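Working through the structure, step by step
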Amino acid sequence: MRKRIFEIIEVSKDNDKISNLYDFSMLIAIIVSIIPLAYKKAPAAFHYSDIITTILFIIDYLLRFITADLKLEGKPLPFLRYPFTIWAIIDLISILPTLTILSPGFKLLRLFRIFRTFRVFRVLKAFRYSKNIEIICRVIMSSKDALIAVCTFAIGYIFVSALIIFNVEAESFETFFDAIYWACVSLTTVGYGDIYPVTTAGRIITMISSMFGIAIVALPAGIITAGYIDIISQEK
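Read on for an overview of the structure.

This part is about the nonpolar core. What tends to happen in soluble globular proteins is that the nonpolar side chains get buried as a cluster. Membership of the largest hydrophobic core comes to 14 residues, with the highest contact counts inside it found for Tyr22, Phe57 and Tyr82. Going through the elements one at a time, helix H1 (2-9), helix H2 (17-34), helix H3 (45-66) and helix H6 (86-99) are the ones with two or more residues in this core. When residues of this core are assigned to their parent elements, the largest contribution, 4 residues, is made by H2. Within the second largest apolar cluster, 12 residues are counted, among which are Ala154, Ile158, Ala179 and Ile216.

Further remarks concern a nonpolar patch on the surface. Nonpolar side chains collect at one region of the surface, where Leu21, Phe24, Ile28, Ile31, Ile35 and Tyr39 lie side by side and expose about 580 Å² of accessible area between them. Turning to its location among the elements, Leu21 is positioned in helix H2.

Look at H1 against H2: their axes get within 7 Å of each other, and the N-to-C directions meet at 55 degrees. On the basis of the axis angle, H1 is oblique to H2. Residues Arg4, Glu7, Ile8 and Ile9 of H1 pack against Ile18, Ser19, Tyr22 and Asp23 of H2. Its residues assigned to classes, the contact of H1 with H2 shows 4 nonpolar, 1 polar and 3 charged.

Now for the environment of Glu235. Residue placement: Glu235 occurs in helix H12 (residues 200-235). Accessibility expressed as a relative area gives 39% for Glu235, which makes it partly exposed. When neighbours within four sequence positions are excluded, Glu235 is seen to be in contact with Lys131, Ile135 and Arg138.

This paragraph deals with H3. With 22 residues, H3 ought to run about 32 Å at 1.5 Å a step, and its terminal C-alpha atoms sit 32 Å apart, in line with that. Listing the buried residues of H3 in full gives Phe46, Ser49, Asp50, Thr53, Thr54, Phe57, Asp60, Tyr61 and Arg64. Seen end-on, H3 carries its buried residues on one side only, within an arc spanning 135 degrees. In this structure, H3 carries Tyr48 and Ile52 as exposed residues pointing more than 90 degrees from its buried face.

So, on to H1. Among all positions in H1, only Ile5, Ile8 and Ile9 are buried. The buried side chains of H1 occupy one side of the element, clustering within an arc of 85 degrees when seen end-on. Residues of H1 that are buried sit in contact with H2 and H3.

One can find Met207 in helix H12. On the accessibility criterion, Met207 (52% relative accessible area) is exposed. A sequence separation of 18 residues divides Met207 from Thr189, and the C-alpha atoms of the two residues are 9.7 Å apart.

What follows is about the pattern of salt bridges. Per the counting criterion, the structure on display carries 3 salt bridges. Asp69 serves as the salt-bridge partner of Arg2, at 2.8 Å between the closest nitrogen and oxygen. Placement of Arg2 in helix H1 and of Asp69 in helix H4 (residues 68-71) is noted, with a sequence separation of 67 residues between them. The exposure class assigned to Asp69 is partly exposed, which follows from its relative accessible area of 22%. Between Arg4 and Glu7 there is a salt bridge; the shortest N-O distance is 3.2 Å. Of this pair, Arg4 and Glu7 are both found in helix H1, 3 residues apart, which corresponds to roughly one turn of the helix.

Interhelical geometry of helix H11 (residues 176-187) versus H12 gives an angle of 55 degrees and a closest axis separation of 7 Å. Here H11 is positioned oblique relative to H12, judged by the angle of their axes. Only Ile205, Thr206, Ser209, Ser210, Gly213, Ile214, Ile216 and Val217 of H12 make contact with H11, whose side of the interface consists of Trp182, Ser186 and Leu187. Grouping the amino acids of the contact of H11 with H12 by side-chain chemistry returns 6 nonpolar, 5 polar and no charged.

What follows is about the packing of aromatic side chains. Geometry of an aromatic ring pair is reported as the spacing of the ring centres plus the angle between the planes. Scanning all chains against the criterion turns up 7 aromatic pairs. Between Tyr61 and Tyr82, the aromatic rings sit 6.3 Å apart at their centres with planes inclined by 55 degrees, giving tilted as the arrangement. Separated by 21 residues along the polypeptide, Tyr61 in helix H3 and Tyr82 in the loop between helix H5 (78-81) and H6 bring together distant segments of the chain. Like Tyr82, Tyr61 is buried. The structure contains a cluster of three or more aromatic residues connected by ring pairs, namely Phe153, Tyr157 and Phe212.

Rules used in this analysis
- Residues numbered from 1 in each chain as written.
- Predicted model: local features only at pLDDT ≥ 70, side-chain atom pairs only at ≥ 80, totals over all residues.
- Heavy atoms only, no water.
- Core = buried A, V, L, I, M, F, W, Y, C linked by side-chain atoms within 4.5 Å.
- Buried < 20%, exposed > 50% of the residue type's maximum accessible area, 1.4 Å probe, protein only.
- Helix = DSSP H or I, 4+ residues; strand = E, 2+ residues; numbered from the N terminus.
- Patch = residues over 30% accessible without salt bridge, like charges linked within 9 Å, V, L, I, M, F, W, Y side chains within 5 Å.
- Areas by Shrake-Rupley, 256 points an atom, 1.4 Å probe, with all protein chains shown as cover.
- Salt bridge = Lys/Arg side-chain N within 4 Å of Asp/Glu carboxyl O.
- Axes fitted to C-alpha atoms, helices over the stretch in contact; angles between N-to-C directions.
- Parallel < 35°, antiparallel > 145°, perpendicular 65-115°, else oblique.
- Contact = heavy atoms within 4.5 Å.
- Nonpolar A, V, L, I, M, F, W, Y, C, P; charged D, E, K, R; others polar.
- Expected span 1.5 Å × (residues − 1).
- Arc of directions from axis to C-beta.
- Phe/Tyr/Trp six-rings, centres within 6.5 Å; stacked < 30°, edge-to-face > 60°.

As structure tokens, this is what we get:
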């Protein structure tokens, strides 16, 4: 029975209707649980939906805990290790916000209402139940070396640009952090306009930084798109 539960709650075969139904139900529960985040003051009906979805999350957590030895097969002390895995922590964070309001009379529990902010982390639970997101995660892992190289290049370019502009136009930047902020904004071609150069040399540097920024920002998108197409082709 535990093995069958494990097959249902974890990513299973496409023809497993019960597993697919479970995944779909959890996706609906996640979506319903984060809808109140769109309201400054959520309607009263969301209080009951929050309790229902939290009960589902608790059941899901318990089912994953009792099958931890199957998931962490070959690893020592699986039932002790599982609560400290990243997904178990995300599950727990998604449960705590509602549990802290079930006993409002207990003053100490009111301190934990700050955990309601963590409700947004319920979005991360959706990663388990989406095949497309799983493919994207595989693409990122397979292309991590190229992505790390691009990120390193971008960070280096931001630092060098900030260093140049800070020395060329020191009057416009009070601190080096302001120059770093300007370099990030220029690199992404956002241009908020709150900090900007006023000299000709500073503007030329900004133009060059923005043009290079377009190329640097486009690189990760190209790498991920190419990897995604490769994986889709392999699966077909």
